[in-house]
Amino acid sequence: MQDPLEAYLDYLGGHGIPYRLSPELRREEDHDGALLAGATTPVHHRQYGEPPIVEHVDPARGLGSDHATHSVARTLAGFAPELPGRTMLELGCGTGLLAVLGARLGARVVGTDVDARTLELARVNAEANGVRVDLRAGSLCDPIQGADRFDWCVANLPHKPARTPDALPLSQHGGEDGDRLFREALNCLPGRQPPGGRLLFFLHSLPDPRLLARIGSAGYALRLCRWKLRWLQDGEYGALRAEFRRRHEAGRSFLWGAGEREALVCGVWLGTRKDAG
Ligand SMILES: C[S@@+](CC[C@H](N)C(=O)[O-])C[C@H]1O[C@@H](n2cnc3c(N)ncnc32)[C@H](O)[C@@H]1O
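The structure presented is a predicted model; accordingly, all values stated were derived computationally and were not measured.

Definitions and limits used
- Residues numbered from 1 in each chain as written.
- Predicted model: local features only at pLDDT ≥ 70, side-chain atom pairs only at ≥ 80, totals over all residues.
- Heavy atoms only, no water.
- Near = heavy atom within 4 Å.
- Areas by Shrake-Rupley, 256 points an atom, 1.4 Å probe, with all protein chains shown as cover.
- Nonpolar A, V, L, I, M, F, W, Y, C, P; charged D, E, K, R; others polar.
- Buried < 20%, exposed > 50% of the residue type's maximum accessible area, 1.4 Å probe, protein only.
- Helix = DSSP H or I, 4+ residues; strand = E, 2+ residues; numbered from the N terminus.
- Arc of directions from axis to C-beta.
- Contact = heavy atoms within 4.5 Å.
- Salt bridge = Lys/Arg side-chain N within 4 Å of Asp/Glu carboxyl O.

Caption draft 1: Structural context of the site of the ligand. Of all residues adjacent to the ligand, which total 19 residues, the nearest are Thr69, Glu90, Gly92, Asp113 and Asn156. Contact with the protein chains hides 91% of the accessible area of the ligand, taken as 590 Å² for the molecule alone. Of the residues that constitute the shell around the ligand, the class distribution is seven nonpolar, nine polar and three charged.

Caption draft 2: Seen up close, helix H6 (residues 210-217). For H6, every residue scored as buried is listed here: Leu211, Leu212, Ile215 and Gly216. Each buried residue of H6 lies within a common arc of 140 degrees when the element is viewed along its axis, so the set occupies one face. Among the structural elements, helix H1 (4-14), helix H5 (180-188), strand S8 (198-203), strand S9 (220-231) and strand S11 (261-273) are those in contact with the buried residues of H6. Within two residues after H6, Gly219 carries a phi angle of roughly 105 degrees, on the positive side.

Caption draft 3: Layout of the pattern of salt bridges. Tallying each qualifying case throughout the model produces 23 salt bridges. Of the charged contacts in the structure, one is a salt bridge between Arg74 and Glu28, with a shortest N-O distance of 2.7 Å. One end of the pair, Arg74, is in helix H2 (residues 67-78); the other, Glu28, is in the loop between strand S1 (20-27) and strand S2 (43-45), and 46 residues separate them in sequence. With a relative accessible area of 30%, Arg74 lands in the partly exposed category. Under the relative-accessibility criterion, Glu28 is labelled buried at 9%. Here Glu184 and Arg180 are joined by a salt bridge, their closest N and O atoms 3.1 Å apart. Of this pair, Glu184 and Arg180 both sit in helix H5, four residues apart, roughly one helical turn. Each of Asp177, Asp179, Arg183, Arg210, Arg214, Arg247 and Arg252 takes part in one network of salt bridges that share partners.

Dropping the structure here:
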């Protein structure tokens, strides 16, 4: 049987996506469970050194870090030597775990989010961890003014495809083809990053692959740093599952199947902004 990563890369190659594999490419443990652990709040994350990162969450409302957040966090931690004194923007910062980690690693961090409830948790979390994060309410780069530029941008944005607005929560809904948020972010982001600027993002295999093509065309060289399988649970996403399958059959999403089960191939990607010249 073909390896899931090989199959996914063949699929991306078939769509003409330009990318490279990081020399340190790692497979992470599969995620096979609920999206958000039903944790009691606050959660103490011990894997990022001492003291643990404290995260106040609201699982009932779907607000809290999940397996995707932590894949990005582990990757970001691997770039620790690059972060001190750098500017970092987190788009869609949620409860702020990545923003807090960036600040702890020495970056000057701005986080934006459209959801006031999650932004309030991010504020509480920055304070609980004794770091300063400049949190701003609004869509993507809208709250960024003036000439602010960011050496790093971190984005774990919603990118599941769904045709109707209420088919998924705000934290997961990526528009009809799953690429809406990234598409909008690319209208402003390249102008906010210097050559050599980094865009670190999480991407599973459901959105239209043109999402990655667009990031490449916006001037970012793409490198896959980490990957894993995220197994879908029985009944998860209800009627949308048939839509995911239809998209897969039409080549607009990628699902990995084993036996009766289906998984998303998930990656943490690093885009490096090429020199305009
Ligand atoms: C998948 S969650 C990730 C949250 C956090 N970054 C993390 O990794 O735990 C996506 C976040 O994007 C936010 N979001 C959705 N649409 C947005 C928009 N147009 N501008 C900024 N944030 C948005 C949601 O409120 C949510 O907090």
